[in-house]
Amino acid sequence: MKNGDFVEIQYIGKIKDTGKIFDVTDETKAKQANIYNEGNKYEPVKIIIGAGHVIRGLDESLLDIEVGETKTFDIPPEKGFGKRDPSLLQLMHLNDFKKHGIFPRAGLKIEINGLWATVRSVSSGRVKLDFNHPLSGKTLLYEVTVIKKIEDLNDKISTILKVRAPGIDVSSQNITYEDDKISIGLRGINPPYRSSLEEFIKSDILSYIPEIKESSITYLD
């Protein structure tokens, strides 16, 4: 594998110290680990290696694995969800929450000014909040299988669409490539998000599918 390759992978992500699974692409394994969420879609993931579609440590690990192989990799915090930052711990008055009808308890996740924090403790009328990522400071263990390397042009474009617009039904979008001209359907994507999405898709296509020229890309409703 090399940077820029399009691949389809399955993986299981665990916290190394405890063996607890926190992310998995297989529905059966998610249910077995009691982390199944009915709103999630469990399926192999298509990504571009080196494009930052997954955490850095997993991205780099894919350079050391072949199609059809399954390998397990240790990923240190600095290549996972970062080291813990003490400056992201904050104390707030309990009354500031109560007046909004919120009654904090340890472990509760709360959104404050667009940022998510975990309540670490509640005592003496004060609430300790932790704005670090829940997996910061953790060494992770990823078991990864590379199912296939994606070579088909339409499949590569579908991969880019899926990454850039996760909620989009890629199968319903019309993608055609003929006479060096490519048309991409973006049904259900409305302004103002649409214009920025088109730019991101174009940038990814030009960066990772060099045979497609900028002038040949058009978008359809």
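Structure's up top.
Read on for a plain summary of the structure.

Parameters at a glance
Residues numbered from 1 in each chain as written. Predicted model: local features only at pLDDT ≥ 70, side-chain atom pairs only at ≥ 80, totals over all residues. Heavy atoms only, no water. Pairing = 2+ DSSP bridges. Helix = DSSP H or I, 4+ residues; strand = E, 2+ residues; numbered from the N terminus. Axes fitted to C-alpha atoms, helices over the stretch in contact; angles between N-to-C directions. Parallel < 35°, antiparallel > 145°, perpendicular 65-115°, else oblique. Left-handed = near helix turned anticlockwise from the far one by under 90°. Contact = heavy atoms within 4.5 Å. Nonpolar A, V, L, I, M, F, W, Y, C, P; charged D, E, K, R; others polar. Core = buried A, V, L, I, M, F, W, Y, C linked by side-chain atoms within 4.5 Å. Buried < 20%, exposed > 50% of the residue type's maximum accessible area, 1.4 Å probe, protein only. Expected span 1.5 Å × (residues − 1). Polar contact = N/O pair within 3.5 Å; in protein donor to acceptor, adjacent residues only side chain to side chain. Salt bridge = Lys/Arg side-chain N within 4 Å of Asp/Glu carboxyl O.

**Let's talk about the sheet that holds strand β5 (residues 89-93)**
Piece 1. Across the sheet, which stays open at both edges, the four strands sit in the order β5-β8-β7-β6 with antiparallel pairing between neighbours. Each end of this open sheet is capped by a strand with a single partner; those strands are β5 and β6 (109-112). Strand after strand, the sheet turns through a mean of 40° between neighbouring axes, direction not considered.
Piece 2. Across five bridges, strand β7 (residues 115-123) lies against strand β8 (residues 126-130) in antiparallel orientation. Note that in β8 the partner of S121 across the bridge is K128.

**Describing the packing of helix α4 (residues 153-164) against helix α5 (residues 193-208)**
Piece 1. Orientation of α4 relative to α5, taken along the N-to-C sense of each, is 135°, at an axis distance of 10 Å. When the interaxial angle is binned, α4 and α5 end up oblique. Judged by the sense of rotation from one axis to the other, the crossing of α4 with α5 is right-handed. In contact with I160, L161 and R164 of α4, α5 contributes Y193, L197, F200, I201, D204 and I205.
Piece 2. Here the residues of the contact of α4 with α5 sort into seven nonpolar, no polar and two charged.

**What about the nonpolar core?**
Piece 1. Membership of the largest hydrophobic core comes to 22 residues, with the highest contact counts inside it found for I157, I184, L186, I201, I205, I209 and I212.
Piece 2. Among the elements of the structure, α4, β11 (181-185), α5 and β12 (217-220) are those that each provide at least two residues to this core.
Piece 3. Leave out the neighbours within four places in its chain, and I201 touches I160, L161, R164, I184, L186 and Y219.
Piece 4. Core analysis: the second largest hydrophobic core is formed by 16 residues, I47, L62, F73 and L140 among them.

**Quick notes on α4**
Piece 1. Look at α4: 17 Å from first C-alpha to last across 12 residues, which is about the 16 Å you get at 1.5 Å a residue.
Piece 2. Three or more residues of α4 are buried, namely L153, D155, K156, I157, S158, T159, I160 and L161.
Piece 3. Lining the buried residues of α4 we find β1 (6-15), β3 (45-48), β9 (140-149), β10 (175-178), β11 and α5.
Piece 4. Two or three places before N154, at the opening of α4, D152 has a side-chain oxygen 3.2 Å from that residue's backbone nitrogen.

**What about the pairing of β12?**
Piece 1. Side chains of β12 alternate between two faces, with I217 and Y219 buried and T218 and L220 left unburied.
Piece 2. As judged from the four bridges shared by β11 and β12, these two strands associate in the parallel manner. What sits directly across from G185, in β12, is L220.

**Concerning the pattern of salt bridges**
Think of it this way: side chains of opposite charge can pair up when their charged atoms draw near.
Piece 1. By the definition in use, this model includes 15 salt bridges.
Piece 2. Across the salt bridge formed by D130 and R120, the nearest N and O atoms sit 3.0 Å from each other. You can see D130 sitting in strand β8 and its partner R120 sitting in strand β7, a full 10 residues away along the chain.
Piece 3. Note on R120: relative accessible area 39%, which makes it partly exposed.
Piece 4. Taking the shortest distance from any N to any O, the salt bridge between R194 and E198 comes out at 2.8 Å. Separated by four residues within a single helix, R194 and E198 lie in helix α5, roughly one turn from each other.
Piece 5. By sharing partners, the salt bridges in this structure join E8, K46, K148 and D155 into a single network.

**With respect to the sheet that holds β11**
Piece 1. If you trace the three strands from one edge of the open sheet to the other, you get β10-β11-β12, paired in mixed fashion. Sheet topology places β10 and β12 at the edges, where each strand pairs with a single neighbour. When strand polarity is set aside, the average angle formed by the axes of neighbouring strands in this sheet is 15°.
Piece 2. Running at roughly 140° to β10, α4 makes contact with β10 and β11 of the sheet.
Piece 3. The strands touched by α5 within the sheet are β11 and β12, with β12 carrying the most contacts at an inclination of about 145°.

**Notes on the side chain of S61**
Piece 1. Along the chain, S61 falls in helix α2 (residues 56-61).
Piece 2. Classification of S61 by relative accessible area gives buried; the value is 9%.
Piece 3. In terms of polar contacts, S61 uses its side chain to reach the backbone carbonyl oxygen of G57, at 2.7 Å.

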